[in-house]
Amino acid sequence: MNRLTDTVKTLLIANVMFFLGSQFLGEVAYKFFALWYPGNPNFEYWQLITHMFMHGGLTHILFNMFALYIFGSVLEMYVGQQRFLFLYFSAGLGAAGLQILFSYLGFREAYQYYIDAGITPSQIQSLLQSVMETGQYRTYGISNEISNQLISNYTTPMVGASGAIFGVLAAFAVIYPNMPLYIIFIPIPIKAKYLIGGYFALNVISAVTGSSLAGPSNTAYWAHIGGAVIGFLTMWVWKKNQFNQNRWN
């Protein structure tokens, strides 16, 4: 796993450059390049791609780039450059799509709660605008849980290559299911299908229960699931059809 392919190297450099740029530009970078809820005025279509190169902090980018470095080159050497890029960005888009879907469902549920409580659409919009501009808002007597559900889905942007990385991990588990992998502080090798599958299961539990078993509380677990599902299905279809005998490049 020590050979770094050109595509993975380019992705690593691009992610690092975006990260350094975001540290310099601050909120401006996140406003234009993070992925916002489609109903938010900050939303732009190019964010479906650019959010994959944005990260929320040093730990976030280090974990993602380490996973890309370890697994990405092996996967690219197996499928070829064009298919690797297709899988990577497809997984990233699938991750964004699933996360947006659940953000929409959560937002609409809370929005309807406000409507049923007698709050008008214009008052809700004013509340959301106040949060975006000042960070403060009027609760209208609504519980903190419902208010946070409405506001967090609307005002929290999605950043990170995690969805694409999960696609890479899932694809790796398809082609090398029995490869032994090691985790720091655990001296026993674990087969890829169990280690990656277990990590995926933790994310599913976290997404369904709202707990934080597989990362920080603000982790976009549905994005991880979406990326993994796209990566798994794509690699499964390619492997089933013996794609490696007719590589695109």
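Quick notes on the rules
- Residues numbered from 1 in each chain as written.
- Predicted model: local features only at pLDDT ≥ 70, side-chain atom pairs only at ≥ 80, totals over all residues.
- Heavy atoms only, no water.
- Helix = DSSP H or I, 4+ residues; strand = E, 2+ residues; numbered from the N terminus.
- Rg over C-alpha atoms; globule rule 2.2 N^0.38 Å.
- Buried < 20%, exposed > 50% of the residue type's maximum accessible area, 1.4 Å probe, protein only.
- Contact = heavy atoms within 4.5 Å.
- Areas by Shrake-Rupley, 256 points an atom, 1.4 Å probe, with all protein chains shown as cover.
- Polar contact = N/O pair within 3.5 Å; in protein donor to acceptor, adjacent residues only side chain to side chain.
- Axes fitted to C-alpha atoms, helices over the stretch in contact; angles between N-to-C directions.
- Parallel < 35°, antiparallel > 145°, perpendicular 65-115°, else oblique.
- Left-handed = near helix turned anticlockwise from the far one by under 90°.
- Phe/Tyr/Trp six-rings, centres within 6.5 Å; stacked < 30°, edge-to-face > 60°.
- Lys NZ or Arg CZ within 6 Å of the ring centre and 35° of its normal.

A. Highlighting the overall build of the protein chain. Counting its secondary structure elements, the protein chain contains 10 helices and 2 strands. Ordering the α and β elements of the protein chain from the N terminus gives α-α-α-α-α-α-α-α-β-β-α-α. Taking 2.2 N^0.38 as the reference for a compact globule, 249 residues should give roughly 18 Å; the C-alpha atoms of the protein chain span a radius of gyration of 20 Å, in line with that estimate. Over its C-alpha atoms, taken along the principal directions, the protein chain stretches across nearly 60 × 40 × 35 Å. Across the 249 residues that make up the protein chain, the buried fraction comes to 42%. Taking contacts inside the protein chain between residues at least 6 apart in sequence as the whole, the part at least 24 apart equals 68%. When the accessible area of the protein chain is evaluated, it comes to approximately 13,200 Å², of which 63% is carbon and sulfur surface.

B. Representation of the side chain of Thr234 in the model. Among the structural elements, Thr234 can be located in helix α10 (residues 221–240). Note on Thr234: relative accessible area 14%, which makes it buried. A polar side-chain atom of Thr234 sits 2.7 Å from the main-chain carbonyl oxygen of Ile230. Contacts of Thr234, omitting those with residues within four sequence positions, involve Phe86 and Leu87.

C. Representation of unusual backbone geometry in the model. Within the chain, Tyr140 stands out as a residue other than glycine whose phi angle is a positive 60°. Mapped onto the fold, Tyr140 is located in the loop between α6 (121–134) and α7 (144–155).

D. Up close: the packing of helix α4 (residues 58–79) against helix α8 (residues 162–175). Across the interface, α4 lies against α8 with an axial gap of 9 Å and an inter-helix angle of 40°. Considering the angle they form, α4 stands oblique to α8. Note on packing geometry: the crossing formed by α4 with α8 is left-handed. Listed contacts from α8 to His60, Asn64, Ala67, Leu68, Phe71, Gly72, Val74, Leu75 and Tyr78 of α4 are Ser162, Ile165, Val168, Leu169, Ala171, Phe172 and Ile175.

E. Up close: the packing of aromatic side chains. This model, assessed by the stated rule, comprises 17 aromatic pairs. Note on Phe172 and Tyr176: the rings are 5.4 Å apart at their centroids and 50° apart in plane angle, and the pair reads as tilted. With relative accessibility at 26%, the residue Tyr176 sits in the partly exposed group. Three or more aromatic residues joined by ring pairs form one cluster here, namely Phe18, Phe33, Phe53, Phe84, Tyr88 and Phe89. Above the plane of the ring of Trp238 lies Arg83, whose end atom (NZ or CZ) is 4.7 Å from the centre. Just above the ring of Tyr111 sits the side chain of Arg108; from NZ or CZ to the centre is 4.7 Å.

F. Broad picture of the environment of Phe43. Here Phe43 is to be found in the loop between α2 (27–33) and α3 (47–50). Residue Phe43 is classed as buried on the basis of its relative accessible area, which comes to 16%. For the pair formed by Phe43 and Phe33, sequence separation is 10 residues and the distance between their alpha carbons is 9.1 Å.

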